[in-house]
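Structural characterization, general
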Amino acid sequence: MRALTFAAALGLVATPVLAQSPAADPHAGHDMSHMQQPAPAARPDNPAIPPDNAASMDRLKASPRHGEWVDIKMPSGPALRSFVTYPERKDKAPVVLIIHDIGGMGDWARAVADSLAKEGFIGIVPDMLSGKGPNGGGTEELGQGVGQAIRTLTPDDVNARLNAAMAYGRSLPAASGRTAVIGFCWGGSGSFAYAVAQPELSAAVVYYGTPPTKTVDGKQAVDTDALAKIKAPIVGFYGGNDARVTSTVEPTVAEMKTLGKTYEPHVMEGAGHGFLKGQSGSEANAQAAADAWPLTIAFLKQHTK
Amino acid sequence: MRIAVLAGALALAAAPVWAQSAPKPVDDPHAGHVMPEMAQTAPPAAQAPRNPNLPPQGDAPGDKDAVVKAQLSSSPRKSEWVNIKANGPVPIKSFVVYPDRKDKAPVVIVVMEIFGLTDWIRGVADQLAKEGFIAIAPDFLSGLGPNGSGSAELGEDGSRGVIGKVTDDDKVRILNDVRAYALAMPSANGKVGIVGFCWGGGTAFLYARKQPALNAAVSYYGPMPADAAEFANTKAPVLGLYGGNDNRVNANIDAAKAGMVKANATYDPHVFDGAGHGFLRAQAGNQNAPGNMKATEEAWKLTLDWLRKYTK
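Small disclaimer: the values here were computed from a predicted structure and weren't measured. (Residues numbered from 1 in each chain as written. Chains lettered and ligands numbered in written order. Predicted model: local features only at pLDDT ≥ 70, side-chain atom pairs only at ≥ 80, totals over all residues. Heavy atoms only, no water.)

Next up on the list: the overall build of chain B. Assigned secondary structure in chain B consists of ten helices and eight strands. Taken over 312 residues, chain B has a buried fraction of 57%. Restricting to contacts in chain B with at least 6 residues of sequence separation, those with at least 24 account for 68%. Split by element, the accessible area of chain B, about 13000 Å² in all, is 56% carbon and sulfur. (Helix = DSSP H or I, 4+ residues; strand = E, 2+ residues; numbered from the N terminus. Buried < 20%, exposed > 50% of the residue type's maximum accessible area, 1.4 Å probe, protein only. Contact = heavy atoms within 4.5 Å. Areas by Shrake-Rupley, 256 points an atom, 1.4 Å probe, with all protein chains shown as cover.)

This part takes up the overall build of chain A. A count of helical and extended segments in chain A gives eleven helices and ten strands. A burial count over chain A gives 53% of its 305 residues as buried. Sequence-distant contacts in chain A: of pairs separated by 6 or more residues, those separated by 24 or more amount to 70%. For chain A, the exposed area adds up to about 13200 Å²; of that, 55% sits on carbon and sulfur atoms.

To continue, consider the pairing of strand β7 (residues 213–216) of chain A. Residues and elements named next belong to chain A. The pairing of β7 with strand β8 (residues 219–222) spans four bridges and is antiparallel. By the bridge assignment, Lys-214 is partnered in β8 with Ala-221. Counting the residues in the hairpin turn of β7 and β8 gives two residues, including Asp-217, whose phi is positive at 50 degrees. (Pairing = 2+ DSSP bridges.)

Our next topic: helix α7 (residues 186–197) of chain A. Taking 1.5 Å per residue, twelve residues should reach 16 Å; α7 of chain A reaches 16 Å between its end C-alpha atoms and fits that length. Among the twelve residues in α7 of chain A, nine count as buried, and that is most of the element. (Expected span 1.5 Å × (residues − 1).)

Our next topic: the sheet that holds strand β10 (residues 263–272) of chain A. Residue and element names in this part refer to chain A. The strand order β1-β2-β4-β3-β5-β6-β9-β10 describes an open sheet built from eight strands, whose pairing is mixed. Each edge of the open sheet carries a strand with a single partner, namely β1 (67–72) and β10. Ignoring strand direction, the axes of neighbouring strands in this sheet form an average angle of 20 degrees. Two elements, strand β2 (residues 80–85) and strand β4 (residues 122–126), share four bridges in a ladder whose sense is antiparallel. Counted as the bridge partner of Val-84 is Ile-124 from β4. Docked against the sheet, helix α11 (residues 283–303) engages β3 (93–99), β5 (175–184), β6 (203–207), β9 (234–241) and β10, running at close to 165 degrees with respect to β10. (Axes fitted to C-alpha atoms, helices over the stretch in contact; angles between N-to-C directions.)

Grouped together as the largest cluster of nonpolar side chains are 85 residues, with contacts concentrated most on Val-110, Leu-128, Phe-197, Tyr-220 and Phe-279 of chain B. Excluding residues within four positions of it along the chain, Tyr-220 of chain B makes contact with Val-195, Gly-196, Phe-197, Cys-198, Gly-201, Leu-241, Phe-279, Leu-280, Ala-299, Trp-300 and Thr-303 of chain B. Ranked by size, the runner-up nonpolar core spans 83 residues in total, among them Ile-98, Met-105, Val-196 and Ile-297 of chain A. (Core = buried A, V, L, I, M, F, W, Y, C linked by side-chain atoms within 4.5 Å.)

Time to look at the sheet that holds strand β8 (residues 267–276) of chain B. All names here are of chain B. As summarised here, the arrangement of the eight strands in space is β1-β2-β4-β3-β5-β6-β7-β8, forming an open sheet in which the pairing is mixed. Each end of this open sheet is capped by a strand with a single partner; those strands are β1 (79–84) and β8. Geometrically, the sheet is characterised by an average inter-axis angle of 20 degrees between neighbouring strands, direction not taken into account. Along the sheet, helix α4 (residues 119–130) makes contact with β1, β2 (92–97), β3 (105–111), β4 (134–138) and β5 (188–197), crossing β3 at roughly 165 degrees.

Moving on, we come to the packing of helix α6 (residues 168–183) of chain B against helix α7 (residues 199–210) of chain B. Residue and element names in this part refer to chain B. Where α6 meets α7, the axes come as close as 10 Å, and the angle between the chain directions of the two elements is 75 degrees. In terms of axis orientation, α6 runs roughly perpendicular to α7. Counted together, Asp-168, Lys-171, Val-172, Leu-175, Asn-176 and Arg-179 of α6 and Trp-199, Thr-203, Leu-206, Tyr-207 and Lys-210 of α7 form the full contact between these two elements. For the contact of α6 with α7, a count of residues per class yields five nonpolar, two polar and four charged. (Parallel < 35°, antiparallel > 145°, perpendicular 65-115°, else oblique. Nonpolar A, V, L, I, M, F, W, Y, C, P; charged D, E, K, R; others polar.)

Under the criterion given, the structure shown has 20 aromatic pairs over all chains. Each ring, one from Tyr-221 of chain B and one from Phe-279 of chain B, has its centre 5.1 Å from the other, and the planes form 75 degrees; the classification is edge-to-face. Highlighted residues: Tyr-221 of chain B in the loop between β6 (216–220) and β7 (238–245) and Phe-279 of chain B in the loop between β8 and α10 (292–310), separated in sequence by 58 residues. Phe-279 of chain B gets classed as buried once you look at its relative accessible area, which sits at 0%. What links up through ring pairs into an aromatic cluster is the set Trp-108, Phe-184, Tyr-207, Tyr-208, Phe-237 and Phe-275 of chain A. Above the plane of the ring of Phe-95 of chain B lies Arg-122 of chain B, whose end atom (NZ or CZ) is 4.5 Å from the centre. The aromatic ring of Tyr-86 of chain A is capped on one face by Arg-248 of chain B, whose charged end is 5.3 Å from the ring centroid. (Phe/Tyr/Trp six-rings, centres within 6.5 Å; stacked < 30°, edge-to-face > 60°. Lys NZ or Arg CZ within 6 Å of the ring centre and 35° of its normal.)

What follows concerns the environment of Trp-120 of chain B. All names here are of chain B. Structurally, Trp-120 can be placed in helix α4. Sequence separation between Trp-120 and Asn-233 is 113 residues, and the spatial gap between their C-alpha atoms is 32 Å. Beyond its immediate sequence surroundings of up to four residues, Trp-120 is in contact with Pro-56, Gln-57, Gly-58, Asp-65, Val-68, Glu-113, Phe-197, Leu-280 and Arg-281.

Before going further, it helps to examine unusual backbone geometry. In this structure, Cys-185 of chain A is a non-glycine residue whose phi angle is positive, near 60 degrees. As for its position among the elements, Cys-185 of chain A is in the loop between β5 and α7. Look at Cys-185 of chain A and you get buried, because its relative accessible area is 17%. One non-glycine residue with positive phi stands out, namely Tyr-221 of chain B, at about 40 degrees.

Let's shift gears to the side chain of Ser-75 of chain B. All names here are of chain B. Here Ser-75 lies in the loop between α3 (66–74) and β1. Within the local environment of Ser-75, its side chain forms a polar contact with the backbone nitrogen of Arg-77, the two atoms lying 3.1 Å apart. There is a polar contact of 2.6 Å between the side chain of Ser-75 and the side chain of Asp-126. (Polar contact = N/O pair within 3.5 Å; in protein donor to acceptor, adjacent residues only side chain to side chain.)

Turning our eyes to something else, we now look at the pattern of salt bridges. Here the structure, examined in full by the defined rule, presents 28 salt bridges over all chains. A salt bridge links Glu-200 of chain A to Arg-170 of chain A, with the nearest nitrogen and oxygen atoms 2.8 Å apart. Of this pair, Glu-200 of chain A sits in the loop between α7 and β6 while Arg-170 of chain A sits in helix α6 (residues 155–171), placing them 30 residues apart in sequence. Relative accessible area serves as the criterion here: at 38%, Arg-170 of chain A is assigned to the partly exposed category. Among the salt bridges present, the one from Asp-63 of chain B reaches Lys-69 of chain B, with a minimum N-O distance of 2.8 Å. (Salt bridge = Lys/Arg side-chain N within 4 Å of Asp/Glu carboxyl O.)

Okay, the packing of α3 of chain B against α4 of chain B next. When two helices pack together, their arrangement is given by the angle between their axes and by how far apart the axes lie. Residue and element names in this part refer to chain B. Where α3 contacts α4, the two axes come as close as 9 Å, and the packing angle between them is 50 degrees. In terms of orientation, α3 and α4 fall into the oblique class. Considering the relative orientation of α3 and α4, their crossing is left-handed. Between α3 and α4, the residues in contact are Val-68, Lys-69, Gln-71 and Leu-72 and Asp-119, Trp-120, Arg-122, Gly-123, Asp-126 and Gln-127, respectively. Tallied by class, the residues present in the contact of α3 with α4 amount to three nonpolar, three polar and four charged. (Left-handed = near helix turned anticlockwise from the far one by under 90°.)

Interpretation in functional terms is not warranted from these geometric data alone.
Next comes the structure, spelled out in structure tokens:
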């Protein structure tokens, strides 16, 4: 942790230097929107991990990998508009389903899928709002209405959509048959819930999402009955400064231990909610992203072999 | 042949000029930003002067299309945009490049990737014209962009977003219109081949399956149906060029082989070890696709030989 503190201090010191010499800024002429908030020095894009939100489209454009949109059929209801990325490998690959955050389908979630493909996985990002927009559209057509619409999705809706994406992934000739899930924020909770609902899942990764809960004596508590159904090992990544979510870790650890389930939470000190997408938000966020992603990949590789 | 040898020698002499006009890394305003993945692990071949006898790379450091733009802006050949009359709802906007030759030339239809009709595809068309073919690159997204526009207005990622709307029937209809245009060209010899990449590789093979009068097809890493019956009507000889690390596509090569044998049609697939999907564009490659340049060199030679043989 000393190293982390030291890095953060350096970041703060470096900020005024950059601010005073815009001419030397190698980012000149680029999208600076993510830097307009009072953040520490921006790091150069690190291609070893998913991008900061602002770098998502650049990353997608520079990707050497194949990515395509597909409309995945569901047993009932609208087609699931999904972005699918493929790894450059000669053998069959495991599939990772990516659940976007509360903002809906976006370039950042697609870039995460591309980062997973770089590591050898087929990535599938379904637009969970498919069919919820005007004229049967999804996130794009909803625009400002995403926040309202996403609340109308029940846990069963979400699981049904993930089941359709999983079935599609398994049907691909290039897929190995192993499927994992990863989700962020709203999707992190969805990832945890999917581990409850889908016994054939090989692994679940939860980024700053909550476990299934129920109301006990008027208070929210971890739903032990739900956790008991989990088969897949779960890894979780949480911001140290995200008490809303991170306060659920301790009781979840206790319940999962009692149930004999695998649950590996990592609390990233100093990081806020959404640190992977918001890498530029603080030095601690950037550090958390750099630390969490290799652990994510190692976990996915281990459990989808 | 003497002329061809001379052209090759000239091209080699010109190579250092190309090298000098390539963007210098120190001047690159993108330094420190998102770079193609080759930047970290570029094999030495990526730094070599550009080989003018290959299509331009589309994964140059910094501006990925820098080499493509240099080729297009300095090409001595006649090129033009035309609106090809269509049996569909809108004319097909197409980029046409003519070879410098005095006799009639075969026509090669160049089919775009999933990113639409890009500068890189135009660069490939120019390269084919350099080799003596009339090259026509149609915009399959004509009319699908904002206000009836197409690929250019959609951009590469936007094109990828709408390309799923183009059905197999649309593809064949558009290609039949383009082929009719090609056959009517006064400087054309009446032979028409097709070469396509990625989405277009699948489209090139599709057209070979649907248009028995087609003379030759080259499919670069194009997806194929798994059902052998889909190949039953194929007449045109098909050359298949695939990256070894592209199992999404390669998983169906055996099915295609079986289908083509059953149809008594010629299919010659080549799988290049260590190359990824899209190797002819991403020539520099990356850690997961170190063989892209080698694949490019071998595949392009096979392409020219195939097209020359069947469109004479």
